[in-house]
Amino acid sequence: MLVMKSYRKELWFEVPSRRAFINITPQVEECLRESGIREGLCLVNAMHITASVFINDDESGLHHDYDVWLEKLAPHEPVSSYRHNRTGEDNADAHMKRQIMGREVVVAVTGGKLDFGPWEQIFYGEFDGRRRKRVLVKIIGE
Ligand code: ZN
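Residues numbered from 1 in each chain as written. Predicted model: local features only at pLDDT ≥ 70, side-chain atom pairs only at ≥ 80, totals over all residues. Heavy atoms only, no water.

Novice: Please explain the coordination of the zinc ion as it appears in this structure.
Specialist: Four donors placed tetrahedrally around a metal ideally meet at 109.5 degrees, and six donors placed octahedrally ideally meet at 90 or 180 degrees. Protein ligation of the zinc ion involves His84 (NE2), Glu89 (OE), Glu89 (OE), Asn91 (OD1) and His95 (NE2), the donor distances falling in the range 2.1 to 2.8 Å. Within one chain, the residues serving as donors to the zinc ion are arranged as H-x4-E-x1-N-x3-H. Since its relative accessible area comes to 4%, Asn91 is described here as buried. (Donors = N, O, S within 2.8 Å, 3.2 Å for Na, K, Ca; no water. Buried < 20%, exposed > 50% of the residue type's maximum accessible area, 1.4 Å probe, protein only.)

Novice: Explanation requested: the pattern of salt bridges in the structure shown.
Specialist: A side chain of one charge can pair with a side chain of the opposite charge if their charged atoms are brought near each other. Applying the stated criterion across every chain, the model contains 13 salt bridges. Arg134 serves as the salt-bridge partner of Glu10, at 3.3 Å between the closest nitrogen and oxygen. With Glu10 in strand 1 (residues 5–14) and Arg134 in strand 8 (residues 132–141), this pair connects stretches of sequence that are 124 residues apart. Taking relative accessible area as the criterion, Glu10 reaches 24% and is therefore assigned partly exposed. A salt bridge links Asp128 to Arg18; the nearest nitrogen and oxygen atoms lie 3.5 Å apart. Taken together, the residues Asp128 in the loop between strand 7 (121–126) and strand 8 and Arg18 in the loop between strand 1 and strand 2 (20–23) connect sequence positions 110 residues apart. Each member of the pair, Asp128 together with Arg18, is buried. Via salt bridges that share partners, Arg19, Asp67, Glu71, Asp93 and Lys97 belong to a single interconnected network. (Salt bridge = Lys/Arg side-chain N within 4 Å of Asp/Glu carboxyl O. Helix = DSSP H or I, 4+ residues; strand = E, 2+ residues; numbered from the N terminus.)

Novice: I'm lost on the nonpolar core in this one. Help?
Specialist: For soluble globular proteins, nonpolar side chains are generally found buried alongside one another. Formed by 23 residues in total, the largest nonpolar core has its most connected members in Ile24, Cys42, Val44, Leu114, Ile122, Val135 and Ile139. Mapped onto this core, the elements with two or more residues apiece are strand 1, helix 1 (25–35), strand 3 (40–46), strand 4 (51–56), strand 5 (104–110), strand 7 and strand 8. The next biggest cluster of nonpolar side chains, apart from the first, holds 8 residues, and it includes Phe21, Tyr66, Leu70 and Phe123. (Core = buried A, V, L, I, M, F, W, Y, C linked by side-chain atoms within 4.5 Å.)

Novice: Help me out: how do you make sense of the side chain of Ser52 in this one?
Specialist: Considering the arrangement of structural elements, one finds Ser52 in strand 4. Under the relative-accessibility criterion, Ser52 is labelled buried at 0%. In this structure the side chain of Ser52 is engaged in a polar contact, spanning 2.8 Å, whose partner is the backbone oxygen of Gly102. Setting aside its immediate chain neighbours within four residues, Ser52 contacts Ala46, Lys97, Arg98, Met101, Gly102, Phe123, Tyr124, Gly125 and Phe127. (Polar contact = N/O pair within 3.5 Å; in protein donor to acceptor, adjacent residues only side chain to side chain. Contact = heavy atoms within 4.5 Å.)

Novice: Where do I start with the sheet that holds strand 4 in this structure?
Specialist: The strands making up a sheet associate through hydrogen bonds between their backbones, and the pairing can be parallel or antiparallel. Judged by pairing direction, the sheet is antiparallel, and its 3 strands sit side by side in the order 2-7-4 without closing on themselves. Pairing within the sheet leaves two strands with one partner each, and these edge strands are strand 2 and strand 4. On average, each strand axis in the sheet is tilted by 25° relative to the strand beside it, whichever way the strands run. Pairing geometry for strand 2 and strand 7, over 4 bridges, is antiparallel. From the neighbouring strand, Ala20 faces strand 7, where its bridge partner is Glu126. (Pairing = 2+ DSSP bridges. Axes fitted to C-alpha atoms, helices over the stretch in contact; angles between N-to-C directions.)

Novice: When you look at the packing of aromatic side chains in this model, what are you seeing that I'm missing?
Specialist: For any pair of aromatic rings, geometry is given as the distance between the ring centres together with the angle between the planes. Scanning the model with the defined rule gives 6 aromatic pairs in all. Ring centres of Phe21 and Tyr66 lie 6.0 Å apart, and the angle between their planes is 70°; this geometry places the pair in the edge-to-face category. Of this pair, Phe21 sits in strand 2 while Tyr66 sits in helix 2 (residues 60–73), placing them 45 residues apart in sequence. The exposure class assigned to Tyr66 is buried, which follows from its relative accessible area of 14%. Relative to Tyr66, the ring of Phe54 has its centre 5.8 Å away and its plane inclined at 80°; by these criteria the two rings are edge-to-face. (Phe/Tyr/Trp six-rings, centres within 6.5 Å; stacked < 30°, edge-to-face > 60°.)

Here you go:
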């Protein structure tokens, strides 16, 4: 008989800068170990609309290139150029950066490991930092 297990954990981050990319693969692997799940699916999502979770290469040049590209697409300044910022916020650009970098990833769990392709790592993308924010890890399987 198959018994499906379910595991849930929140990872907390407080990035000291406005923007950052953090490799959270070790924390997600720790969650998977804690869950005891060997076969299933692992969902990782940002719980905030100004932060992302995405999968790509852990290469600092690429992360710099992402930052430059995102600033071209949605520059932080002038903050007055965004209608959203008329609410008194200054983070309209962060909402847009989050949209293009994505909310979540799903990784297959095979033999108790995250079943990645070559060079794949999981990142938390912060676009409006300097406050405590959360990432949800949900793992289901057996
Ligand atoms: Zn906002």
